[in-house]
Amino acid sequence: MSERKVLQKYYPPEFDPSKITRHKGPKPTGPKQQNVRLMTPFSMRCNSCGEYIYKGRKFNARKENSGEKYLNISIFRFYIRCTRCSAEITFKTSPKHMDYECERGATRNFEPWREAKEKEETEEERLNRLEEEENESAMAKLETKTLDSKREMMIADALDEIRTRNARMERKDTAEVLETLLEIKDEEALRREAEEKEIEELAKKAFSTADGEWVRRVVDDEEAGPVVGGSSSGTSANRAAAANASATEGFEVPTFSKSIKRKKPATETLPGLIKKKPKL
């Protein structure tokens, strides 16, 4: 296998260097072109065959300086060929829009600066917009002024109320304060008296007859029994005993005396002996 880098080349013996002719043609005019590998900066559509070329597709292109400048920034032009019909497509840089501009052979699918141009307003539109803003600002100023005046009036009314209340509190003496306290106490006493009167009326209704007489205790004549002796004390004692007897009739009165249990008698047998049970 021969070497890749050869320092000495072989010349055959019949080699005659005088027979070699040199062609001196004119130098190529125009901008110098350079072969580069690039990716399409935008999506486009070929005008000749209608092929769509998406953004980011790789091409072997020729790059040249167009000679144009924008704010002392040079503009470069690129040449590529369509992948379907091999038609030449050219596009160049656009420093004004900070993008690329399709020049010939294809049309760009979307150009963002066109929307910016549409959004740009003319002088008449700008004047109309300024007039509308001035009118709106005047109306807004009037509204804010009215709101501020209403707010100030409300604050002033609140301050007047606070001042009058403070003046009223300062004018009051200790005697007036005591009178108010006494009035409160009198009201409580009256309320208590009214409650007591209501209780008395309820008691009268419960413990009075139709004639208006008070009924303290109702005792039947049969339960009272015969009166022994002529004294009133005997009659009252008999009545009390009869009432107690009628109340305790029907159930036993409990006693709380201590009951003593009787011990069992000691057995006559000696300790240690076991007494057998008789067989049946």
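Everything below is about the structure printed above this text.
First things first, this report covers the structure right here in the doc.

What counts and how
Residue positions are given per chain, counting from 1 as you read along its sequence in written order. In keeping with the predicted nature of the model, local features appear solely for residues at pLDDT of at least 70, side-chain atom pairs appear and are counted solely at 80 or more, and the whole-chain, interface and lining totals rest on all residues. Hydrogen atoms and water are omitted, and side-chain values are computed over all heavy atoms in the structure. Note that a disulfide, as used here, is simply two cysteine sulfur atoms within 2.5 Å. Each residue is placed in one exposure class: buried if its accessible area under a 1.4 Å probe, protein chains only, is under 20% of its type's maximum, exposed if it is over 50%, and partly exposed if it falls in between. In this scheme, strands are said to pair when DSSP sees at least two bridges between them. Every helix listed is a DSSP run of H or I at least four residues long, and every strand listed is a run of E at least two residues long, numbered separately from the N terminus. Any Phe, Tyr or Trp ring, taking Trp's six-membered ring, that has another such ring centre within 6.5 Å forms a pair; planes under 30 degrees apart are called stacked, those over 60 apart edge-to-face, and the others tilted. The criterion is that NZ of a Lys, or CZ of an Arg, lies within 6 Å of the ring centre and within 35 degrees of the ring normal, and then a charge sits over that ring.

**A short note on the state of the cysteines**
Disulfide: a covalent bond formed between the sulfur atoms of two cysteine residues.
So, step 1. According to the stated counting rule, one finds 0 disulfides in the structure shown.
So, step 2. We note that Cys85 lacks a disulfide partner, and the nearest cysteine sulfur, in Cys49, lies 3.5 Å from it.
So, step 3. Free of any disulfide, Cys102 has its nearest cysteine sulfur in Cys46, 9.8 Å distant.
So, step 4. On the basis of relative accessible area, Cys102 is assigned to the buried category, the value being 15%.

**What about the pairing of strand β4 (residues 58–70)?**
So, step 1. Both strand β1 (residues 33–39) and β4 contribute to a ladder of 7 bridges, which runs antiparallel. Among the inter-strand pairings, Val36 is bridged to a residue of β4, identified as Ala61.
So, step 2. Counted between consecutive antiparallel strands, the loop separating β4 from strand β5 (residues 73–81) contains 2 residues, among which Leu71 sits at a positive phi close to 55°.

**What about the packing of aromatic side chains?**
So, step 1. Within this structure, the stated rule accounts for 4 aromatic pairs.
So, step 2. Ring centres of Phe91 and Tyr100 lie 6.2 Å apart, and the angle between their planes is 75°; this geometry places the pair in the edge-to-face category.
So, step 3. Overall, the relative accessible area of 30% leaves Tyr100 in the partly exposed class.
So, step 4. Put simply, the rings of Phe42, Phe78, Phe91 and Tyr100 touch in pairs and so form one group of aromatic residues.
So, step 5. Residue placement shows Arg62 over the ring face of Tyr79; its charged tip is 4.7 Å from the ring centre.

Any functional reading would require information beyond the geometric quantities listed.
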